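# Descriptive analysis of the structure
Here are the chains, one letter per residue:
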Amino acid sequence: SINQALMESHNSHFIIEDFLEKEGMSSGTECFFVDGELKYNAFYDQWFDSKATNPYVPSAECWPTEKKDNILMEVRSQLQLIGNLLKFRTGIFNVEWRICKNGKVYLMEVSPRAGGNRLAEILNYATDVDIIEAEVCKAVNDQYGVIHEPIFKGLYVIWVLHSKKKGVFKSIEISSEIRKYILEEEIRVKAGDMIEDFNGANNAIGTLFLCFDTQKNMKRFFAHQNKWININLE
């Protein structure tokens, strides 16, 4: 792990962190501050592929979260406190957090950027607020619309396409059972490309944006994902 961290490091430094044992699913939010005030939180839950090379890399994100309102209020409170202390002004922040076995909420990461896996992009499908447009307008000192807590239009999922082993990419098979839920399909590799096993987010081979009509159908997708999505290697 240290060797891998050093390979990705820009300054030959690495960090060893405590492991905080979670209760339930890990979570996160794409949030937006306006003049130092937390205005927008698109809370999501994370799924992990236990059979992947690295089972701690998120393989999917789901909106909206199933976490209870009192937990979300605590996350908002902690984020606003951090924003006050660090004098946040206006812009997108990506946050990862979890509830631990002691019942407390822990912020794992707060980054002044949109999240990986195209998190901010799917929110243009899922909610009534365009935080990408707001971020761009802020950057060029232009006006943007009202930022408020998002209203979700359904149940949305980003599925990170990945392989459990290294090899030469051939094709992806997606079952018709799941195609009816796909909003957008992004494949970053082509036939003949060498791909890596899913050891980090940089080894993703693409993403699927999905929208489900019921929680039952969404959870059915996760329960049968290996049957419905197949990565073929040569």
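Use the structure listed above.
## Considering the environment of G145
- For G145, the location among the structural elements is in the loop between α4 (131-139) and β6 (155-161).
- Separated by 17 residues in sequence, G145 and H162 place their C-alpha atoms 36 Å apart.

## Observations concerning the packing of aromatic side chains
- What the rule picks out here adds up to 14 aromatic pairs.
- Through pairs of rings, three or more aromatic residues link up here, namely W47, W159, Y181, F212, F221 and F222.
- The aromatic ring of F19 is capped on one face by R98, whose charged end is 6.0 Å from the ring centroid.

## Here's the deal with the nonpolar core
- Counting 24 residues, the largest nonpolar core has W159, L210 and F212 as its most contacted members.
- Taken together, the elements giving at least two residues each to this core come down to β3 (58-63), β6, β7 (167-174), β10 (206-212), α6 (215-223) and β11 (229-233).
- When residues in this core are grouped by element, the largest group, 4 residues, is from β6.
- Once residues within four sequence positions are removed from consideration, L210 is found in contact with L155, Y156, V157, W159, I178, Y181, I182 and L183.
- If you look at the next biggest cluster of nonpolar residues, it comprises 19 residues, including F32, V34, A134 and I158.

## A closer look at the sheet that holds strand β8 (residues 182-187)
- Across the sheet, which stays open at both edges, the 8 strands sit in the order β5-β4-β1-β2-β3-β6-β10-β8 with antiparallel pairing between neighbours. The open sheet has two edge strands, β5 (105-111) and β8, and neither has a second partner. Direction aside, the axes of adjacent strands within the sheet are offset by 25° on average.
- Strand direction decides the pairing type here: strand β1 (residues 27-34) and strand β2 (residues 37-48), joined by 8 bridges, are antiparallel. Note on β2: the bridge partner recorded for F33 is L38.
- Where α6 meets the sheet, it contacts β2, β3, β6 and β10, and its direction lies at approximately 10° from that of β6.

## Brief notes about the side chain of S59
- Turning to its location among the elements, S59 is positioned in strand β3.
- Here D49 takes part through its backbone nitrogen, which lies 3.3 Å from a polar atom of the side chain of S59.
- Residue contacts for S59: discarding those within four places in its chain leaves W47, F48, D49, I158, W159, V160, H162 and F198.

## Looking at the pairing of β2
- Counted between consecutive antiparallel strands, the loop separating β1 from β2 contains 2 residues, among which D35 sits at a positive phi close to 50°.
- Note that β2 and β3 share 4 bridges and pair antiparallel. Within the sheet, the bridge partner assigned to Q46 lies in β3 and is E61.

Rules of the game
Residues numbered from 1 in each chain as written. Predicted model: local features only at pLDDT ≥ 70, side-chain atom pairs only at ≥ 80, totals over all residues. Heavy atoms only, no water. Helix = DSSP H or I, 4+ residues; strand = E, 2+ residues; numbered from the N terminus. Phe/Tyr/Trp six-rings, centres within 6.5 Å; stacked < 30°, edge-to-face > 60°. Lys NZ or Arg CZ within 6 Å of the ring centre and 35° of its normal. Core = buried A, V, L, I, M, F, W, Y, C linked by side-chain atoms within 4.5 Å. Buried < 20%, exposed > 50% of the residue type's maximum accessible area, 1.4 Å probe, protein only. Contact = heavy atoms within 4.5 Å. Pairing = 2+ DSSP bridges. Axes fitted to C-alpha atoms, helices over the stretch in contact; angles between N-to-C directions. Polar contact = N/O pair within 3.5 Å; in protein donor to acceptor, adjacent residues only side chain to side chain.

Remember, this is a structural readout, not a statement about activity or role.
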